[in-house]
Amino acid sequence: MTSETPLVVVENVQKHYGEFQALSDIDLTVNTGEVVVVIGPSGSGKSTLCRTINRLETITSGSIRIDGKELPAEGKALAHLRADVGMVFQSFNLFAHLTILENVTLGPIKVRGLKKSEAEAEAMTLLKRVGVAQQANKLPAQLSGGQQQRVAIARALAMQPKVMLFDEPTSALDPEMINEVLDVMVELAQDGMTMIVVTHEMGFARKAADRVVFMADGRIVEEAKPEEFFTNPKSDRAKDFLSKLLTH
């Protein structure tokens, strides 16, 4: 269930790389428990937007607030804020020399200050939840891509984030592994996790999103409930984008 409490508020955000404007006049509010799926053509600024929300990318102007707090520039405050914002990338970014269990417990021990035994118990619960508990003592290279991405989701959840950002989490996976990751994400959505998901998977958007945000050329062109967006897009850009999807 989504509430009316804003959790992520992006206001008038601009992002330049030199002369190039990657994000223009972005306004987006995501409420607690809401699942927002961001779609659009390549180069539309979707990933950049996702990365500004946990400050992996700095913004040129505007403001981003998480749970009422402005994003800090750096230092300890930023590390604490990042703990509130879980991030799952295209590449799994697991530590290759650590076991799956160690990958998931590292953050809670170092950042949340949990005892090892406590962190391990929590991690096992999460690994069970994403369906890879039996892989806990293996190294990432011994797992399939789909399994590694599910571990990456468990690792982000171990920090008990307020919001989860997913930046094209299935685009590096083989087709048969995509659904096993999307299924975990659908379950998370159903459990009430606040999520911002950049994806090409329109089935996921239809099934799990409360709202679809369509971006093109660094702007939010339109936003609507999934059913409305997919059946009756308002803008020419969205109509064009959807017609290309449906014909391939």
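Relevant structure appears above.
All of the points below concern the structure found in this document.

Reading the values: the criteria
- Residues numbered from 1 in each chain as written.
- Predicted model: local features only at pLDDT ≥ 70, side-chain atom pairs only at ≥ 80, totals over all residues.
- Heavy atoms only, no water.
- Salt bridge = Lys/Arg side-chain N within 4 Å of Asp/Glu carboxyl O.
- Helix = DSSP H or I, 4+ residues; strand = E, 2+ residues; numbered from the N terminus.
- Buried < 20%, exposed > 50% of the residue type's maximum accessible area, 1.4 Å probe, protein only.
- Expected span 1.5 Å × (residues − 1).
- Core = buried A, V, L, I, M, F, W, Y, C linked by side-chain atoms within 4.5 Å.
- Contact = heavy atoms within 4.5 Å.
- Axes fitted to C-alpha atoms, helices over the stretch in contact; angles between N-to-C directions.
- Parallel < 35°, antiparallel > 145°, perpendicular 65-115°, else oblique.
- Left-handed = near helix turned anticlockwise from the far one by under 90°.
- Pairing = 2+ DSSP bridges.

1. Notes on the pattern of salt bridges
Here comes step 1: Taken as a whole, this structure holds 15 salt bridges when the rule is applied.
Here comes step 2: A salt bridge links Asp25 to Arg219, with the nearest nitrogen and oxygen atoms 3.0 Å apart. Residue Asp25 is located in strand S2 (residues 20-31), and its partner Arg219 is located in strand S10 (residues 219-224); the two are separated by 194 residues in the primary sequence.
Here comes step 3: Residue Arg219 is classed as partly exposed on the basis of its relative accessible area, which comes to 40%.
Here comes step 4: The closest approach of N and O atoms between Glu228 and Lys234, which form a salt bridge, is 3.6 Å.
Here comes step 5: Among the ionic contacts, a cluster of salt bridges with common partners joins Lys15, Arg51 and Glu57.

2. Side note on helix H5 (residues 145-157)
Here comes step 1: Look at H5: 18 Å from first C-alpha to last across 13 residues, which is about the 18 Å you get at 1.5 Å a residue.
Here comes step 2: With 13 of 13 residues buried, H5 lies mostly within the body of the structure.

3. Brief notes about the nonpolar core
Here comes step 1: Residues Leu127, Ile153, Met164 and Met195 are the most contacted members of the largest nonpolar core, which totals 53 residues.
Here comes step 2: With nine residues, helix H6 (residues 175-190) is the single largest residue contributor to this core.
Here comes step 3: Apart from the residues within four sequence positions on either side, Leu127 is in contact with Ile100, Leu101, Val104, Val132, Ala133, Ala136, Val151 and Ala154.
Here comes step 4: Judged by nonpolar contacts, the second largest core, of 26 residues, contains Val30, Val36, Val163 and Met215.

4. Considering the packing of helix H3 (residues 100-110) against helix H4 (residues 116-129)
Here comes step 1: It is the contact of H3 with H4, at a shortest axis distance of 9 Å, that shows an interaxial angle of 125°. If you check the angle between H3 and H4, you find them oblique. Crossing of H3 over H4 shows right-handed handedness. Judged by residue contacts, Ile100, Leu101, Val104, Thr105, Pro108 and Ile109 of H3 engage Lys116, Ala119, Glu120, Ala123, Met124 and Leu127 from H4.

5. Remarks on the sheet that holds strand S7 (residues 163-167)
Here comes step 1: Taken together, six strands build an open sheet; the order of strands is S6-S7-S8-S3-S9-S10 and the sheet is mixed. Both edges of this open sheet fall to strand S6 (85-88) and S10, since each of them pairs with a single strand only. Each adjacent strand pair in this sheet contributes to an overall mean axis angle of 20°, direction not counted.
Here comes step 2: Contacting S6 and S7, helix H2 (residues 75-84) runs over the sheet at an angle of about 70° to S6.
Here comes step 3: The strands touched by H5 are S6 and S7; relative to S6, the strand with the most contacts, the crossing angle is about 170°.

Read these as spatial facts, not as claims about activity.
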